[in-house]
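Coordinate inspection notes
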Amino acid sequence: MKILVTGVKGQLGFDVVKELTSRGHEVAGVDIEEMDITDKSSVKAAFSKFRPQAVVHCAAWTAVDAAEERENRQKVRAVNATGTENIAKLCAEYGAKMVYISTDYVFGGDGVEPWTCESTPSPINYYGQTKYEGELAVRENLKEFFIIRTAWVFGLNGKNFVKTMLNAAKTREEVRVVGDQIGTPTYTPDLARLIADMIVTQKYGVYHVTNEGGYISWYDFTREIYALAGIKTRVVKVTTEEYGLSKAKRPFNSRLDRSGIVANGFEPLPDWRDALKRYLKSLGG
Ligand SMILES: NC(=O)c1ccc[n+]([C@@H]2O[C@H](COP(=O)([O-])OP(=O)(O)OC[C@H]3O[C@@H](n4cnc5c(N)ncnc54)[C@H](OP(=O)(O)O)[C@@H]3O)[C@@H](O)[C@H]2O)c1
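Note that this is a predicted model, so its numbers are computed, not measured.

The rules behind these values
- All residue numbers refer to positions counted from 1 along the written sequence of the respective chain.
- Residues qualify for local features only when their pLDDT is at least 70, as the model is predicted, and side-chain atom pairs are given and counted only at 80 or more; totals for whole chains, interfaces and linings, by contrast, use all residues.
- As a convention, hydrogens and water are excluded, and side-chain values are obtained from all of the structure's heavy atoms.
- Only DSSP runs of H or I with at least four residues qualify as helices, and only runs of E with at least two residues qualify as strands; both kinds are numbered from the N terminus onward.
- Multiplying 1.5 Å by the helix residue count minus one yields the expected span of that helix.
- The angle between axes fitted to the seven residues ending at a residue and the seven residues starting there is what we call the bend at that residue.
- Type-normalised accessible area, obtained with a 1.4 Å probe on protein chains alone, sets the label of each residue: buried when under 20%, exposed when over 50%, and partly exposed for intermediate values.
- Contacts: residue pairs with any heavy atoms within 4.5 Å of one another.
- Working definition of a nonpolar core: buried Ala, Val, Leu, Ile, Met, Phe, Trp, Tyr and Cys residues. They are joined through side-chain atoms within 4.5 Å.
- Only one rule defines a salt bridge in this text: a Lys or Arg side-chain nitrogen within 4 Å of an Asp or Glu carboxyl oxygen.
- A pair of Phe, Tyr and Trp rings is counted when the ring centres sit within 6.5 Å of each other, with Trp represented by its six-membered ring. The angle between the planes then sorts it: under 30 degrees is stacked, over 60 is edge-to-face, the rest tilted.
- Charges are assigned to positions over rings by a cutoff of 6 Å between ring centre and Lys NZ or Arg CZ, combined with an angular limit of 35 degrees from the ring normal.
- Nearness is judged by heavy atoms alone; a residue qualifies as near a molecule or strand once a single heavy atom is within 4 Å of it.
- Under this definition, polar contacts are N or O atom pairs within 3.5 Å; protein pairs additionally need one hydrogen-donor-capable and one acceptor-capable atom, and for neighbouring residues in sequence, both atoms have to be side-chain atoms.
- Note that accessible areas follow from Shrake-Rupley with a 1.4 Å probe, and for residues the cover is restricted to the protein chains shown.

1. Some remarks on helix H3 (residues 73–94)
With 22 residues, H3 ought to run about 32 Å at 1.5 Å a step, and its terminal C-alpha atoms sit 31 Å apart, in line with that. The largest bend in H3 amounts to roughly 30° and is located at Thr82. Of the residues making up H3, those classed as buried are Val76, Val79, Asn80, Ala81, Gly83, Thr84, Asn86, Ile87, Ala88, Leu90 and Cys91. Considering only its buried residues, H3 is in contact with strand E1 (2–6), helix H2 (40–50), strand E3 (54–57), strand E4 (97–103) and helix H4 (126–141). Of the residues trailing H3, Gly95 is marked for its positive phi of about 65°.

The structure is reproduced here in structure tokens:
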């Protein structure tokens with residue numbers, strides 16, 4: 001299949017290109033230099049050059065705190081909402097399937113029950129709002145789509161929580177990490193494998209995808225990162241309130257109900273601890 005992948009320089013796009021290529025697809029991985037998703041004519045040109053049968057749309061404005069700044073808002077919406085709409089419209093024109101990567105931040109983050117695919121979105125912050133507008137654009141323009149909501153993403157190619165904590169340990173004897181925000185990490189090669197499984201099917205719809213292994217806090221995650229990496233830095237559990245306000249509001253409840261994966265005959269992702277072990281190994285740890 002001819003597959004266009006956006007955000008190839010980011011965490012997920014990089015691994016999606018790798019996975020799809022290894023399965024024998026004809027893949028074009030693009031980033032802003034080859035195709036600026038906010039520019040309709042640039043998206044049009046890329047489609048007419050490559051003529052994709054499917055698109056995996058991983059590109060996004062992912063700087064969640066910066067997204068709150070007044071001067072960035074227009075740009076954030078242009079990338080996450082209008083950019084996604086531009087791609088969805090071209091997918092409709094070319095009869096291409098679309099995979100859109102969305103986020104747990106489309107939900108309000110309250111309560112303790114896992115969010116199901118049927119839960120009503122109520123975005124927690126501006127980034128979440130614009131990602132939700134992206135979802136709506138996909139639904140409005142296409143029938144053959146997969147919307148994959150994921151969370152706590154970590155991969156080789158880019159910034160993420162694991163790298164931040166490993167770096168922090170180089171200079172600190174103690175780190176404070178929140179223990180009251182609960183979710184599950186997602187390793188990009190594992191998510192890429194499921195995307196590659198899905199894209200050759202017609203099992204369209206909304207999916208919630210993270211690694212398996214239960215729901216944990218950022219504190220739990222940090223403890224495991226340091227234990228596996230043999231790091232002695234002390235991890236102190238704090239509440240979100242004690243940690244102090246970040247610019248963007250963060251969800252206490254990022255639990256995603258992943259039951260749709262197995263219900264549709266797909267293989268779930270491995271346990272996040274197993275994923276973390278493989279990740280640390282790939283970082284050379
Ligand atoms: N990271 C997470 O924890 C997380 C959680 C839930 C969902 N997600 C979603 O998962 C997807 C993949 O996330 P990720 O962590 O792999 O993201 P990432 O590493 O930040 O990569 C996003 C890529 O999109 C590119 N991009 C930005 N503006 C663009 C434009 N106008 N045209 C073309 N490309 C543009 C970025 O380029 P520049 O670097 O040059 O800006 C970057 O290479 C995103 O849709 C994100 O919303 C992520």
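That was the structure; now back to the text.
2. Section: the nonpolar core
Residues Leu4, Met35, Phe47, Ile87, Cys91 and Met98 are the most contacted members of the largest nonpolar core, which totals 34 residues. When residues of this core are traced back to their parent elements, those giving at least two are strand E2 (26–30), H2, H3, E4, H4 and strand E5 (145–150). In this view, Cys91 contacts Phe47, Val55, Ala96, Lys97, Met98 and Leu142; residues no more than four positions away in its chain are not counted. The next biggest cluster of nonpolar side chains, apart from the first, holds 29 residues, and it includes Phe154, Tyr187, Ala275 and Leu276.

3. Quick look at the pattern of salt bridges
Summed over all chains, the structure comprises 15 salt bridges. Across the pair Lys9 and Glu33 runs a salt bridge whose closest N-O atoms are separated by 3.0 Å. Of the two residues, Lys9 sits in the loop between E1 and helix H1 (11–22) while Glu33 sits in the loop between E2 and H2, which places them 24 residues apart along the sequence. For Asp197, the salt bridge is made with Arg193, and the minimal N-O distance between the two is 2.9 Å. Residue Asp197 and its partner Arg193 are located together in helix H6 (residues 188–199), separated by 4 residues, close to a single helical turn. When its relative accessible area of 17% is taken as the criterion, Arg193 is described as buried. What emerges from the salt-bridge pattern is a single network uniting Glu19, Arg23, Arg193 and Asp197.

4. Notes on the packing of aromatic side chains
Enumeration over the complete set of coordinates arrives at 15 aromatic pairs. Here the aromatic rings of Phe154 and Tyr187 are separated by 5.1 Å at their centres, their planes lie at 15°, and the arrangement is stacked. One end of the pair, Phe154, is in strand E6 (residues 153–154); the other, Tyr187, is in strand E9 (residues 186–187), with 33 residues separating them in the sequence. According to the relative accessible area criterion, Phe154 is buried, its value standing at 1%. Note on Tyr187: relative accessible area 6%, which makes it buried. Taking 5.9 Å as the distance between ring centres and 75° as the angle between the ring planes, the aromatic pair formed by Tyr207 and Phe266 counts as edge-to-face. A residue pair is termed long-range when its members are at least 10 positions apart, and Tyr207 in strand E10 (residues 205–208) and Phe266 in the loop between helix H9 (259–263) and helix H10 (272–282) qualify at 59 residues. This pair shows no difference in class: Tyr207 is buried, exactly as Phe266 is. Among the aromatic residues, ring-to-ring pairing joins Trp152, Phe154, Phe161, Tyr187, Trp218, Phe221, Trp272 and Tyr279 into one connected group. The aromatic ring of Phe50 is capped on one face by Lys2, whose charged end is 5.1 Å from the ring centroid. Between Lys203 and the ring centre of Phe266, over which it is positioned, the NZ or CZ distance is 5.2 Å.

5. Concerning the site of the ligand
Looking at the ligand, there are 25 residues lining it, with Gln11, Leu12, Thr62, Tyr127 and Lys131 nearest. With respect to the ligand, the side chain of Asp36 contributes an N or O atom lying 3.0 Å from a nitrogen atom. Protein coverage of the free-state accessible area of the ligand, which is 900 Å², stands at 79%. Of all the elements, E4 adds the most residues to the shell around the ligand, at 3 residues.

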